[in-house]
Amino acid sequence: MYNQLREAQWNHPLQQAGTDSVPLNEVRVELDNFGIREGCLVKVKLKEGMILGTVVWAGEFINIPNAMWTLIETVKPREKPDDDESNGIKYGQQIGNVKHGHGLFIPAKCLIIIPDEIKCFQLPQSSITGSPNQYDPLSASIIDSGFVPPIKNVNDIIGLKKGIQGLDNSCYMDASLFGMFCFNEMLDDIFLKKSGETKGENTSERYQVVQKILKERIVYPLRKEGFVRADQVLLLRHKLDEAGVVDGLLGKEKDPEEFLTCLLQHVLNVQPYLKIRGARNEDGFFFQIFTHRRPHINLPSVQLLLEHAFQEANLMLAEVPQFFLIQMPRDGKHFRLYPHILPSLTLNISNITQSVYCPNCIICGKLASSRCKECEKGEIYDHRNVFIHYCRECVSSHATQTAHTPEEVKVERKHHGPPSQMTLFAVLTIEIGHYVCFAKCGKHPKDWVMFDSMHDRIEDGKRSRNVPNVIAVPDLEEWLSDPSKLCKVSDLDSKKTVPEYIRRLTRDVYICMYYSEDNKMF
């Protein structure tokens, strides 16, 4: 039966004497035309969708002349796992060793080679340990010992081939990971905690492997080397895809919310950052702003939109969150409530948080005892005063003059203290389905950067790869800290009036990430 096969294997002699075969070098030449190598990561589109796998064997079958075939070990089991071909058997002979039910014979011409940057990379079977495979131009680092602190010197991350390399619509994930981990350690506990320390007992292999991938292959290499190769993020995508929570993580355009909800809630069992109280109690990781458009406001801030959303829905935060991930009122490229939104450098959440609720009287500034929702609907005060409160002395005269009926409020604090503020540390923006990240390095106001995982593309024959880039945007905070400067601009979409990155930031802002000074880890 062996003479029915013409095989190309790279580690041992090809044929026995007397068999009908083709020379090994001829087979190699034809395989080179397809760019196929043993261990290459490939994908193929079948009726059931896109299949991802690793090349185990490549060669010819005598009864199928002039056609190069491959056996790949698929990431997911086949529909008929007990069939011979699903286990690497063809014409009664074991062609290659694959995981039970994961074999697929497919013509080489049908394969799509994952680009050159992950050539010869093999997905793990049961663990992710082992030496990394090299590739040109940069190798993938694995850092499995010792804590690696966040980048403190912004110059260490600036330049081409810095950041996280993009691959197959991964920008939503690349931008999220860069913003969350590159310059701070506040979220490190999600990959440092043992399984029993999170909500729910989860000792599954996937939980531990995802933590290991995050720490050793993405976060720590990003901080130490300033670069993460695309295959390392692909490992994470593969493991999250196995969870079956979000469809299409291996290649489709997705949303950062889908990715982070899958990672934090469904795989790592992280306790929700937000505890929202209202008509019904909801815990979660994101808050999506829903509010009415106010035509007289041209450039709303995130602070203003957030307060309007809480006011209109009658919501409160139960406590100051460690992190506040806020989605803007938009739906991709199809709908934007406002053409431009100003990311607030700090958020004052005192008026929307029960545990620190201590409102001021809008007239005299004393500790308030009542809130007037009828005033909030009118235009008596400046539109920036979303919540209208009165003290016991002022509320009587106000009710008499306006015929309003203010409601008493429950105040947790009995005296004024410093406002509860949250600090902006990253912004994700989206333009025509592509996400980039603006992130703050350290405390200096000029240490802002813009990261794009697919800034450029290098074509090399039949192969191509994305080139990530990180650029400094030192004037960003100056523009954001002076809204009047932007409000004076007649056309924010004009390249002549504002820098391109400011135009992009205010026009395409999608998710703003804030942390609490009180709750941060360091």
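Predicted model only: the values in this text are computed from it and were never measured.

The strands making up a sheet associate through hydrogen bonds between their backbones, and the pairing can be parallel or antiparallel. Ordered in space as β13-β12-β15, the three strands form an open sheet in which the pairing is antiparallel. Looking at strand neighbours, the two that pair on one side only are β13 (282-284) and β15 (316-317), the edges of this open sheet. Strand direction decides the pairing type here: strand β12 (residues 274-277) and β15, joined by two bridges, are antiparallel. Bridging from a neighbouring strand, Ile-276 pairs with Leu-317 of β15.

With that settled, consider the packing of aromatic side chains. Evaluation of the coordinates by the stated rule reveals twelve aromatic pairs. With centroids separated by 5.8 Å and ring planes inclined at 45°, the aromatic side chains of Phe-181 and Phe-191 adopt a geometry described as tilted. With a gap of ten residues between them, Phe-181 in helix α2 (residues 171-181) and Phe-191 in helix α3 (residues 189-192) connect regions that are remote in the sequence. Considered together, Phe-181 and Phe-191 belong to a single accessibility category, that of buried residues. Measuring from ring centre to ring centre gives 6.4 Å for Phe-323 and Phe-425, while their planes differ by 65°; the resulting arrangement is edge-to-face. On the criterion of sequence distance, the pair formed by Phe-323 in strand β16 (residues 323-327) and Phe-425 in strand β23 (residues 421-431) is long-range, its members being 102 residues apart. Aromatic rings pair up to connect Tyr-273, Phe-285, Phe-323, Phe-425 and Tyr-515 into one cluster. Over the ring of Tyr-91 we find Lys-90, and its NZ or CZ is 5.7 Å from the ring centre. Positioned above the aromatic ring of Phe-105 is the side chain of Lys-90, whose terminal nitrogen or guanidinium carbon lies 5.5 Å from the ring centre.

Next up on the list: the pattern of salt bridges. Under the criterion given, the structure shown has 19 salt bridges. Among the ionic pairs, Glu-431 bridges to Arg-507, the shortest N-O distance being 3.0 Å. On the criterion of sequence distance, the pair formed by Glu-431 in strand β23 and Arg-507 in helix α12 (residues 500-508) is long-range, its members being 76 residues apart. Overlapping salt bridges bring together Arg-336, Glu-431, Arg-504, Arg-507 and Asp-508 as one network.

Note that Trp-479 resides in helix α10 (residues 476-480). Among the residues examined, Trp-479 registers a relative accessible area of 11% and is labelled buried.

Conventions and cut-offs
- Residues numbered from 1 in each chain as written.
- Predicted model: local features only at pLDDT ≥ 70, side-chain atom pairs only at ≥ 80, totals over all residues.
- Heavy atoms only, no water.
- Pairing = 2+ DSSP bridges.
- Helix = DSSP H or I, 4+ residues; strand = E, 2+ residues; numbered from the N terminus.
- Phe/Tyr/Trp six-rings, centres within 6.5 Å; stacked < 30°, edge-to-face > 60°.
- Buried < 20%, exposed > 50% of the residue type's maximum accessible area, 1.4 Å probe, protein only.
- Lys NZ or Arg CZ within 6 Å of the ring centre and 35° of its normal.
- Salt bridge = Lys/Arg side-chain N within 4 Å of Asp/Glu carboxyl O.

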